[in-house]
Amino acid sequence: MLDTTEVMVVASSLVAAAATALFFFGPRKRTRAKSETGGAQQVDLMVDGGYRPDRIVVRAGMPVKLNVLRTDRSACSEQFVLGDLGVSRTLPTGRVVSIDLPALKEGAYDFTCGMNMLRGRLIAES
């Protein structure tokens, strides 16, 4: 039979495990491209301990312009890699780097930092 302290420890452990699973595997907020200027969809992306937003939805068949601002000073976030599209850029701290992408086919394109620790996804939908 468990005493009160043991029950509290087990209950706290279960809550912590559920919160951890929800954090890593739970639903993520998706952000749509905000504007279309010059024939390209514009998306502002912040790099600060992770990508914000980390799920970006764009319209398939239209060029995309990513405006990436890195405020994080860690070496990990210095590179931005969109491997499926063969894109890799160096991100200086505190300066916006614009990355022009061609019109994308429908699908999901993962982006990461140079060390593959920070992750995000660009989703092209019709």
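Report follows, based on the coordinates. This structure is a prediction, so every number in the text was calculated from the model and none was measured. The residue numbering used here restarts from 1 in each chain and proceeds along that chain's sequence as written. Local features in this predicted model are restricted to residues whose pLDDT is 70 or higher, and side-chain atom pairs enter the listing and the counts only when it is 80 or higher, whereas totals over whole chains, interfaces and linings include all residues. Side-chain measures were taken over the full set of non-hydrogen atoms in the model, leaving aside hydrogen atoms and water.

## Brief notes about the overall build of the chain
A run of H or I in DSSP becomes a helix once it reaches four residues, and a run of E becomes a strand once it reaches two; helices and strands are each numbered from the N terminus. In terms of regular secondary structure, the chain is built from one helix and eleven strands. Between the two quantities, the radius of gyration covers C-alpha atoms and the globule rule is 2.2 Å times the number of residues to the power 0.38. Radius of gyration (C-alpha) of the chain: 19 Å, far over the 14 Å computed for a compact globule of 126 residues. Expressed along its principal axes, the backbone C-alpha trace of the chain runs to roughly 70 × 35 × 25 Å. Only protein chains enter the accessibility calculation, which uses a 1.4 Å probe; a residue is then buried when its area is under 20% of its type maximum, exposed when over 50%, and partly exposed in between. Within the chain, the proportion of its 126 residues that are buried is 32%. The protein chains shown are the only cover counted for residues, whose accessible areas, like all others here, come from Shrake-Rupley with a 1.4 Å probe. Put simply, the chain shows about 7900 Å² of open surface, and 56% of that area lies on carbon and sulfur atoms. Charged side chains of the chain number 16 positive and 13 negative; the gap between the two group centres comes to 7 Å. The charge count includes Lys and Arg as positive and Asp and Glu as negative, but it does not include His or the ends of the chains. Note on charges: their place is set at NZ of Lys, CZ of Arg, CG of Asp or CD of Glu.

## Some points on the environment of M62
Within the element layout of this structure, M62 appears in the loop between β5 (55-59) and β6 (64-70). In this structure M62 comes out as buried when scored by relative accessible area, which is 16%. Residues M62 and F80, 18 residues apart in the sequence, show an inter-C-alpha distance of 21 Å. Should any heavy atoms of two residues lie within 4.5 Å, those residues are counted as being in contact. If we skip the residues at most four places from it in the chain, M62 touches E36, G39, Q41, P102, A103 and L104.

## Details of unusual backbone geometry
Following R52, the chain continues to P53 via a peptide bond in cis, the omega torsion being -5 degrees. Checked against the element boundaries, P53 lands in the loop between β4 (51-52) and β5.

## Looking at the packing of aromatic side chains
Pairs were defined over the aromatic rings of Phe, Tyr and Trp, the Trp ring being its six-membered one, requiring ring centres within 6.5 Å. Orientation was assigned from the angle between planes: stacked under 30 degrees, edge-to-face over 60, tilted for the rest. Scanning the entire structure with this criterion turns up three aromatic pairs. With a centroid separation of 5.9 Å and an interplanar angle of 90 degrees, the aromatic rings of Y51 and F80 are classed as edge-to-face. Placement of Y51 in strand β4 and of F80 in strand β7 (residues 79-82) is noted, with a sequence separation of 29 residues between them. In this pair, the class of Y51 matches that of F80, namely buried. The interplanar angle of 35 degrees and the centroid separation of 5.3 Å between the aromatic rings of F80 and F111 together place this pair among those described as tilted. Of the two residues, F80 is situated in strand β7 and F111 in strand β10 (residues 107-113); the sequence distance between them amounts to 31 residues.

## Comments concerning the side chain of R70
Looking at the element boundaries, R70 is found in strand β6. One buried charged residue, R70, remains without a salt bridge, the closest side chain of opposite sign being E78 at 4.5 Å. Among the polar contacts listed, one links the side chain of R70 to the backbone oxygen of D72, at a separation of 2.9 Å. In protein, a polar contact means a hydrogen-donor-capable atom and an acceptor-capable atom, both N or O and within 3.5 Å, with residues adjacent in sequence counting only if both atoms are side-chain atoms; elsewhere, any N or O pair within 3.5 Å suffices. Reaching out from R70, the side chain makes a polar contact with the backbone oxygen of S74 at a distance of 3.0 Å. Residue contacts for R70: discarding those within four places in its chain leaves V47, S77, E78, L91, P92, T93, G94 and R95. Salt bridges are defined as contacts in which a side-chain nitrogen from Lys or Arg sits within 4 Å of a carboxyl oxygen from Asp or Glu.

## Concerning the pairing of strand β9 (residues 96-101)
Residues V97, I99 and L101 line the buried face of β9, whereas the alternating positions V96, S98 and D100 sit on a face that is not buried. Strand pairing is defined by DSSP finding a minimum of two bridges between the two strands. Across six bridges, the pairing between β6 and β9 is antiparallel. Bridged to L66 within β9 is I99.

Function cannot be read off these values alone, since they describe shape.
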